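Spelled out, the chains give:
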Amino acid sequence: MLKIENIHKTFFPGSVNEKRALQGVSLTLNDGDFATVIGSNGAGKSTLLNAIAGAFPIDQGRISIDGVDVSHMPEYERAKYIGRVFQDPMKGTAGKMMIEENLALASWRGRRLGLNWSFKAERTAQFKEALKELDLGLEDRMSAHVGLLSGGQRQAVTLLMATLVKPKLLLLDEHTAALDPKTAEKVLRLTERLVNADRLTTLMITHNMRDALRFGNRLIMMHQGRIVVDVKAEEKANLTVPDLLGLFEKGAGVVTDEMLLS
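Positions within a chain are numbered from 1, following the residues in the order the chain's sequence is written. With pLDDT at 70 or above as the cut-off, local features in this predicted model cover only qualifying residues; side-chain atom pairs require 80 or more to be listed or tallied, and sums for whole chains, interfaces and linings still use all residues. As a rule here, side-chain values come from all non-hydrogen atoms in the structure, and water together with hydrogens is ignored.

S.K.: Please clarify how the environment of Ser26 should be interpreted in this entry.
M.R.: Structurally, the position occupied by Ser26 is in strand β2 (residues 19-29). On a C-alpha basis, the gap between Ser26 and Lys3 in space is 7.7 Å, while along the polypeptide they are 23 residues apart. Residue contacts are counted whenever heavy atoms from the two residues lie within 4.5 Å of one another. Excluding its chain neighbours within four sequence positions, the residues that come into contact with Ser26 are Ile4, Glu5, Asn6 and Ile227. At a separation of 2.8 Å, a polar atom in the side chain of Ser26 contacts the main-chain amide nitrogen of Asn6. For helices the rule is a DSSP run of H or I covering at least 4 residues; for strands it is a run of E covering at least 2, with both sets numbered from the N terminus onward. Here a polar contact means two N or O atoms within 3.5 Å. Within protein one must be a hydrogen donor candidate and the other an acceptor candidate, and residues neighboring in sequence count only if both atoms are side-chain atoms.

S.K.: Would you mind showing me how to read unusual backbone geometry here?
M.R.: The phi torsion of most residues other than glycine is negative, and most of the peptide bonds are trans. Of note in the backbone geometry, Glu174 takes a positive phi value of approximately 50° without being a glycine. You can see Glu174 is positioned in the loop between β7 (169-173) and α6 (181-198). Accessibility here uses a 1.4 Å probe with only protein chains present; expressed as a share of the type maximum, an area under 20% marks a residue as buried, one over 50% as exposed, and anything in between as partly exposed. You can call Glu174 buried: its relative accessible area is 11%. The phi dihedral of Arg199 falls on the positive side, at around 50°, and the residue is not glycine. Mapped onto the elements, Arg199 comes out in the loop between α6 and β8 (202-205).

S.K.: I would appreciate a short explanation of the packing of aromatic side chains in the present structure.
M.R.: What describes a pair of aromatic rings is the distance from one ring centre to the other and the angle between the planes of the rings. In this scheme Phe, Tyr and Trp rings, the latter by its six-membered ring, pair at centre separations within 6.5 Å, and the angle between planes marks the pair as stacked below 30 degrees, edge-to-face above 60, and tilted otherwise. Using the criterion set out here, one finds 1 aromatic pair in the structure. Ring centres of Phe11 and Phe56 lie 5.3 Å apart, and the angle between their planes is 85°; on these two criteria the pair is classed as edge-to-face. On the criterion of sequence distance, the pair formed by Phe11 in strand β1 (residues 2-11) and Phe56 in the loop between α1 (45-53) and β4 (60-65) is long-range, its members being 45 residues apart. Judged by relative accessible area, Phe11 falls into the partly exposed class, the value being 26%. The exposure class of Phe56 is buried, given its relative accessible area of 15%.

S.K.: Help me understand the sheet that holds β2 in this model?
M.R.: The strands making up a sheet associate through backbone hydrogen bonding, with each pair oriented either parallel or antiparallel. Strand order in the open sheet made by the 4 strands is β2-β1-β4-β5, with antiparallel pairing throughout. Both outer strands of the open sheet, β2 and β5 (68-69), are each paired with one neighbouring strand and no more. Where helices are involved, their axes are fitted lines through C-alpha atoms of the stretch in contact, as for all axes, and angles between N-to-C directions lie from 0 to 180°. Where α1 meets the sheet, it contacts β1, β2 and β4, and its direction lies at approximately 115° from that of β1. By definition, two strands form a pair when at least two bridges between them are found by DSSP.

S.K.: Teacher, can you tell me more about the side chain of Thr201 here?
M.R.: With respect to the secondary-structure elements, Thr201 resides in the loop between α6 and β8. A polar side-chain atom of Thr201 sits 3.0 Å from the main-chain amide nitrogen of Gly32. With residues up to four places along the chain from it excluded, the contact list for Thr201 reads Leu29, Asn30, Asp31, Gly32, Asp33, Lys168, Leu169 and Leu170.

S.K.: I'm lost on α6 in this one. Help?
M.R.: Owing to its 3.6 residues per turn, the α-helix brings residues three or four apart onto one side. Between its terminal C-alpha atoms α6 stretches 26 Å, which fits the 26 Å expected from 18 residues at 1.5 Å a residue. Residues of α6 that are buried include every one of Ala184, Val187, Leu188, Leu190, Thr191, Leu194 and Val195, and no others. Along the axis of α6, the buried positions cluster into a sector of 165°, meaning they face one direction only. Summarising the geometry of α6, the exposed residues directed more than 90 degrees from the buried face are Lys182 and Ala197. Residue Asp180 occupies the N-cap position of α6, its side-chain oxygen lying 3.2 Å from the main-chain nitrogen of Lys182. Phi for Arg199, located one or two positions after α6, is positive at around 50°. To estimate the expected span of a helix, subtract one from its residue number and multiply by 1.5 Å. Our arc is simply the arc of the directions from the helix axis toward the C-beta atoms.

Okay, here's the thing in structure tokens:
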């Protein structure tokens, strides 16, 4: 479970560049919820994910994951609870390390690394089986350096690393935005399969309203650092894009050109 209570974040306070990025955001995700998050640029979507991950301190409020208050916990300590995939396929993996080495590191999330962290035959077999599920032929390229993979392949490996040890919370920050449409669709389908298989509690940011409607059981829309729409379960399943625009206009009082083009 993720519980966010009245969190605020202002960047450059008191200066001409002051930006009130989060303004009293409260949100609860129950175990197994898969929520898509949508909103125009500057709405606070990525700021919300960064706040949850601990990339910066919040000004006020409380964040708890699985009942643990992580509000003042440093990012590296929160990592044992969180799996994360970034928009940039170059993030989240070590490009100069082999696929197997990256997976070995991911398999130790939340544990202290020792001298035997790297390879064991049974773990190699486990990694190979997990890679086979990606259906990208990577199970036969485990010794390849991750930096040599295509963007889609690298993002698929990052997604696998983020879920190899079941996280309490999976954060997906527009993780298909840098991919071509065909590859993005494949990564989205893989995401859905991995999330559903382990009922992972997930927050997925997207700019695409159709994807926001297609995936998950919850839809959240943000505007100017606030949540303006929160649609659940059956209500979400029956929504269309025009319905969504209507809800956003009602909640935010405006529909941006950017959203019309999504």
